[in-house]
Each structure stands twice: as structure tokens, then as C-alpha cells.
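Observations on the model geometry
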Amino acid sequence: MKDKIVVKNLNAWYGDLQVLKNINLTIIENKITAILGPSGCGKSTFIRCLNRLHELRHKARAEGEILLDGVNVFNMDPVEVRKKIGMVFQHPNPFPTMNIYDNVAIGLRLNGVKNKEAIDRAVEESLKVAALWDEVREKLNSSGTRLSGGQKQRLCIARAIATKPEILIFDEPTSALDPISAMKIEDLLIDLKERYTVIIVTHNIQQARRLSDYIAFFWMGELIEYGPNEKIFKNPKEEITREYLKGRVG
Amino acid sequence: MEMAARKMKNHALTIYSITSLIIITIPLLHIIATTIINGVQSFTLEFFTSLPRPPGEEGGGIANAIQGTAILISLTMLFSIPPSLLTAIFLSEFPDSRFKNLIRLFNDTFMGTPSIVAGVFAYTLFVTKFGFSAIAGAFALSVLAIPMMVKTMEEAFKLVPIDIREAGLSLGIRHWKVVTGIVLRSAMPAIASGILLALARISGETAPLLFTAFGNPDFAGSVTEPVSALPLMIYVYATSPYPDWNRKAWSASLILMIAVLAINLITKYRLRRR
Ligand SMILES: Nc1ncnc2c1ncn2[C@@H]1O[C@H](COP(=O)(O)OP(=O)(O)OP(=O)(O)O)[C@@H](O)[C@H]1O
Ligand SMILES: [Mg+2]
């Protein structure tokens with residue numbers, strides 16, 4: 001059990017609005033960590049700090065330390081941070097004018113990989129890992145936007161995997177999907193943790209329960225409670241966590 | 001009672017709309033019909049492939065004007081697309097600044113420039129030093145095309161959702177490469193439409209060519225020579241006293257009209273397909 005990401009005293013703002021307050025948290029390698037909490041509590045902001053997307057928004061800033069394999073990401077080149085941390089967004093967003101193949105290959109190409117065979121292999125393998133290969137192998141040349149919602153999301157997962165990150169972050173990856181597509185993604189996430197450290201944002205309590213090894217419960221910008229899945233669900237320390245998990249607040 | 005009044009109002013409005021529509025479209029249809037009727041008369045193979053003959057001699061064509069317009073449009077694309085694209089990228093993909101607002105103000109002002117002013121500008125800059133040339137003509141046309149292109153290209157970039165940019169960045173791709181390799185590709189259909197529409201707009205311009213490209217009764221041997229162009233040729237032929245030339249002016253107008261219509265249809269079709 002290795003500490004993959006150690007967050008120390010993280011604070012984040014949009015202008016004068018502080019949305020993360022002194023977050024301390026350790027994310028364990030090859031486990032699924034769920035970030036749980038009501039809408040607006042800062043879940044997305046938190047994960048966007050990890051791969052330094054947060055600071056790109058207007059007037060957004062962050063302070064504190066995020067140690068990725070012991071190195072503070074705020075001292076790293078953001079591009080290098082993002083190579084290690086892949087991200088899948090809430091709304092499936094394949095690149096609109098690219099075909100399926102290019103969607104997966106583009107990350108490698110734009111990062112300078114020229115070898116056609118290496119790219120072919122990476123595309124096939126990533127699509128296989130994302131459990132999409134069998135459905136698209138015959139139509140790699142057709143547009144990514146013509147797939148179903150669930151397929152698009154798996155294409156986005158393949159795209160994130162292709163550049164060989166070590167960590168995968170999912171921001172409510174199933175909230176825009178039908179239940180069956182959502183289940184497929186959930187199954188996939190469980191497979192993924194063998195190779196990746198997985199962080200998933202959700203405000204679906206049952207999903208967090210089914211999937212995660214660790215749960216971080218956020219409330220109004222603060223990390224209220226953090227621990228192993230069973231402990232949080234069976235025996236939460238805080239009253240507010242208990243109430244939230246019962247569906248009474250949030 | 002109230003119901004009836006509302007119905008009346010409705011009817012009145014419908015009648016008013018239809019009448020306006022007819023008033024607007026009749027002259028337009030008239031122009032199109034006249035151009036077609038007069039234009040097709042001299043549509044022969046010779047008309048497209050041979051050079052003009054002196055007035056009074058039958059036959060001859062406008063191949064020089066077609067060549068000239070092709071040269072002018074190509075050069076204009078060469079001169080206007082790269083700077084427009086870079087400006088649009090700067091305006092849409094980089095953080096807001098006062099400099100950006102200045103550029104936008106500049107661009108909007110340029111967009112209102114009368115086309116003859118673009119011609120004068122090119123005249124003083126090029127023609128006074130190097131004489132009449134296709135380059136000077138294309139430069140004048142570019143002055144007109146660039147502001148239009150910058151505007152439509154910036155819009156095209158802005159239409160690309162922020163999600164797409166963040167997805168690109170999250171793959172560990174540098175900002176500049178995300179812009180050129182992903183955002184640009186996503187905006188490409190709209191950019192292409194913007195380019196085509198700007199070219200359609202300027203391909204009929206006569207004024208800026210009068211004292212830049214100047215016109216040429218022969219094929220132009222190089223881009224540093226004066227060239228003919230369809231609008232120039234129409235201007236000269238239509239105002240001439242020779243009926244044969246007048247007829248040819250109609251035919252050239254028809255060619256120009258068809259070309260512009262084709263461009264508009266292509267852009268429409270492309271836009272709808274997205
Ligand atoms: N670009 C922004 N500018 C200003 N405030 C923002 C911005 N983005 C988010 N916020 C605010 O920051 C707070 C945290 O937002 P965040 O998106 O992190 O919440 P979340 O937990 O992901 O919510 P949800 O479950 O709805 O996605 C919210 O109060 C939100 O209104
Ligand atoms: Mg969110």
C-alpha cells in the first residue's frame with residue numbers, strides 16, 4: 001500500500017470565494033477513492049487541483065501542497081503532472097471532428113510519438129482496456145460523436161489511458177448515462193484499479209459504496225471524513241456524514 | 001370579441017409579412033432572371049477558353065478574366081488566411097487583455113472600411129512603387145477579407161466548448177498544441193465556412209481592383225503583372241457602347257453569380273452537416 005498522492009493543507013479559491021478549506025488527504029495506489037458530497041461542495045474543484053486544471057479558470061487559485069510520488073505538483077511543469085494523471089469528464093466529450101482512432105491516438109501524436117505501429121498498438125490496447133474494442137474495431141474511421149453516450153464515455157476513457165497515466169480521475173463519469181451504460185463503466189472502473197490509481201467523484205452514494213475502497217466525504221469545501229469504505233458506511237465518526245449517507249441532507 | 005380582434009391582428013401581420021417578402025424578393029428574382037436570360041446567350045466553349053477580341057470583331061472570350069480572378073482569389077487566400085487565423089487564435093485562446101480589446105476595435109473599424117479605401121491603400125503602398133499588379137489587387141482584397149475572417153474565425157473558436165480544451169490539456173498536451181492540434185480541428189468546419197463566405201463577398205469587388213490589379217487584355221504571365229478579373233471586365237464591358245461587349249458582361253455576371261451561389265450552398269451544406 002503505497003501513498004500515491006498526499007494532499008497537505010490545500011486551499012482553493014475562485015476570486016474571493018474560498019471553495020476548498022485546508023484539505024488533508026492521502027490517496028493510495030491501485031485503490032479506488034471516491035470523493036463524495038453534495039452539489040457545490042468542491043469535489044470537482046478538488047480533483048481539478050490535482051492535475052492543475054483548476055488554475056486555468058478565471059481568477060482561480062490554489063495554495064498548499066499536493067505531493068505526487070513525493071513531488072509537489074505545484075513545483076512541477078503542469079504538462080508533466082497531467083501526463084501522469086488522466087481525466088474523464090462528466091459529459092462524454094470525444095473530440096468532435098476526429099474519428100474514433102484519432103480520438104485515442106491524438107494524445108500520443110501531439111506528444112511527439114511518430115511510430116505508426118506503436119500508435120496502432122496503443123490505440124488497440126487502450127480500446128480493449130476501455131472495453132470498447134469489440135464494438136468499434138470495424139469502424140475506427142467513423143466519427144466518435146456517432147457513438148452512444150456510454151460508448152463515448154468509454155472512448156474518453158480509452159483516450160485518457162492511451163497516454164499511459166498512472167492515475168485516472170473520473171468526474172461523475174456516469175451521471176449523464178443510462179443505468180446500463182453506467183453499470184458497464186462501473187465494472188470497468190473496478191478492472192482499472194489493477195493498473196491505475198483511480199479517483200472518482202460522485203454524489204451517488206450507492207455508487208460510492210459499490211465501487212470504492214476509500215471514501216472522502218466533502219461538505220461545503222471541507223473534508224469532513226476520510227477512510228476505508230466499510231468504516232465510513234458502518235461507523236462514520238461525524239454526525240453529518242451519517243445523515244448524508246442516509247440521504248437526509250445534501 | 002377579444003378573440004376576433006386577436007385573429008384580425010394575426011391576419012394583418014401575416015398579410016404584412018407576405019407583402020414585404022414579395023416586395024423584397026421580386027427585384028431579387030428579377031435581377032437573377034435577367035442575368036440568366038441575358039447571360040446564357042454567349043455561353044459557348046470559346047467564351048470560357050479564349051481571349052477577348054477587339055470591339056467590333058465577333059467571338060472571343062473572357063479567359064483572361066477567369067484566370068485573373070483565380071489568381072487574385074488564390075493570392076488573397078494566401079495573404080489573408082494565415083494572419084486572420086493567428087489573430088483569431090490570439091483573440092480566443094489567450095487570456096483577456098487590453099491589447100485584445102484594441103485589436104477587436106481595430107478589426108471592427110476595418111470591417112466598416114469602404115472597399116475603395118482598401119484600393120487606395122494598396123495603391124499608395126504598392127502601385128506607386130511597383131506598378132499595377134495581381135499582388136497589389138490581392139493585397140487590397142485581403143484588407144477587406146481579413147477583418148471578416150478574423151471575426152468569423154474567432155466565433156468559430158469560441159464555439160468549441162471549454163470541455164474540449166480541458167480534455168486536450170488533461171492528456172498532458174501543451175497549450176499551443178492543444179490549440180493547433182485539437183481546438184483548430186474542432187473549429188475547422190466553421191472556419192472553412194468563414195473563409196468561403198469572405199471570399200464570396202470579395203470576389204465581386206470592383207472598386208479596389210480598378211487601380212491595383214488594373215485589368216489586362218491578355219493572360220497575366222506573373223503575379224507582378226496587371227491582371228484582369230471578372231468584376232473589372234464586367235465593369236468595362238457593361239459601360240462600353242458595343243452590344244457584343246454588353247452581352248458578354250451579362251455572361252460574366254452570370255458566372256460570378258453562379259460561383260458565389262455555389263460557395264454559399266457549399267457553406268450551408270457543410271454547416272448543416274455538423
Ligand atoms: N468557475 C467558477 N467561478 C466561480 N465559482 C465557481 C466556479 N466553478 C465552481 N464554482 C463554485 O465553487 C463551488 C464548488 O464547485 P465544484 O464544481 O467544485 O462543486 P462540486 O462538488 O463538483 O459540485 P457538483 O456536484 O454540482 O459538480 C461551488 O459553490 C461553485 O458555485
Ligand atoms: Mg462537479
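Attention in this report is confined to the structure presented alongside it. Everything numeric here is computed off the predicted structure, so don't read it as measured data. (Residues numbered from 1 in each chain as written. Chains lettered and ligands numbered in written order. Predicted model: local features only at pLDDT ≥ 70, side-chain atom pairs only at ≥ 80, totals over all residues. Heavy atoms only, no water.)

1. Regarding the overall build of chain B
Scanning chain B for helices and strands turns up eleven helices and zero strands. Dimensions of chain B along its principal axes, counting C-alpha atoms only, are 70 × 70 × 30 Å. Counting across all 274 residues of chain B, residues that qualify as buried make up 42%. Counted over contacts in chain B with a minimum sequence separation of 6, partners at least 24 positions apart contribute 73%. Accessible area for chain B stands at about 14800 Å²; split by element, carbon and sulfur atoms hold 72% of it. Looking at chain B, you have 22 positive and 15 negative side-chain charges, and the mean spots of the two groups are 9 Å apart. (Helix = DSSP H or I, 4+ residues; strand = E, 2+ residues; numbered from the N terminus. Buried < 20%, exposed > 50% of the residue type's maximum accessible area, 1.4 Å probe, protein only. Contact = heavy atoms within 4.5 Å. Areas by Shrake-Rupley, 256 points an atom, 1.4 Å probe, with all protein chains shown as cover. Lys, Arg positive; Asp, Glu negative; His and termini not counted. Charge placed at Lys NZ, Arg CZ, Asp CG, Glu CD.)

2. Side note on the interface of chain A and chain B
The interface of chain A with chain B comprises 29 residues on the first partner and 18 residues on the second. Both faces combined, the contact of chain A with chain B buries some 2000 Å², and carbon together with sulfur accounts for 59% of it. Of all residues in chain A, A:Phe95, A:Thr97 and A:Leu110 give up the largest surface area on contact with chain B, accounting jointly for 28% of the area buried on that side. There are four salt bridges connecting chain A and chain B. Here A:Arg48 ties to B:Glu166 by a salt bridge, and the two come within 2.8 Å at their closest N and O atoms. Linking chain A to chain B there are nine residue pairs in polar contact (both at pLDDT 80 or more). Residue assignment for the side of chain A that touches chain B shows that the elements contributing at least two residues are helix H2 (78–84), strand S6 (85–88), helix H3 (100–110) and helix H6 (149–162) of chain A. (Buried area = accessible area lost by both parts, 1.4 Å probe. Salt bridge = Lys/Arg side-chain N within 4 Å of Asp/Glu carboxyl O. Polar contact = N/O pair within 3.5 Å; in protein donor to acceptor, adjacent residues only side chain to side chain.)

3. Considering the packing of H6(A) against helix H7 (residues 179–192) of chain A
Between two packed helices, the angle of one axis relative to the other and the distance separating the axes together describe the packing. All names here are of chain A. Contact geometry of H6 with H7 gives a least axis separation of 9 Å together with a crossing angle of 20°. What the angle tells us is that H6 and H7 run roughly parallel. The interaxial crossing formed by H6 with H7 has right-handed handedness. Along the contact surface, H6 presents Gly150, Gln153, Arg154, Ile157 and Ile161, while H7 presents Ser181, Lys184, Ile185, Leu188 and Leu192. Tallied by class, residues from the contact of H6 with H7 come to five nonpolar, three polar and two charged. (Axes fitted to C-alpha atoms, helices over the stretch in contact; angles between N-to-C directions. Parallel < 35°, antiparallel > 145°, perpendicular 65-115°, else oblique. Left-handed = near helix turned anticlockwise from the far one by under 90°. Nonpolar A, V, L, I, M, F, W, Y, C, P; charged D, E, K, R; others polar.)

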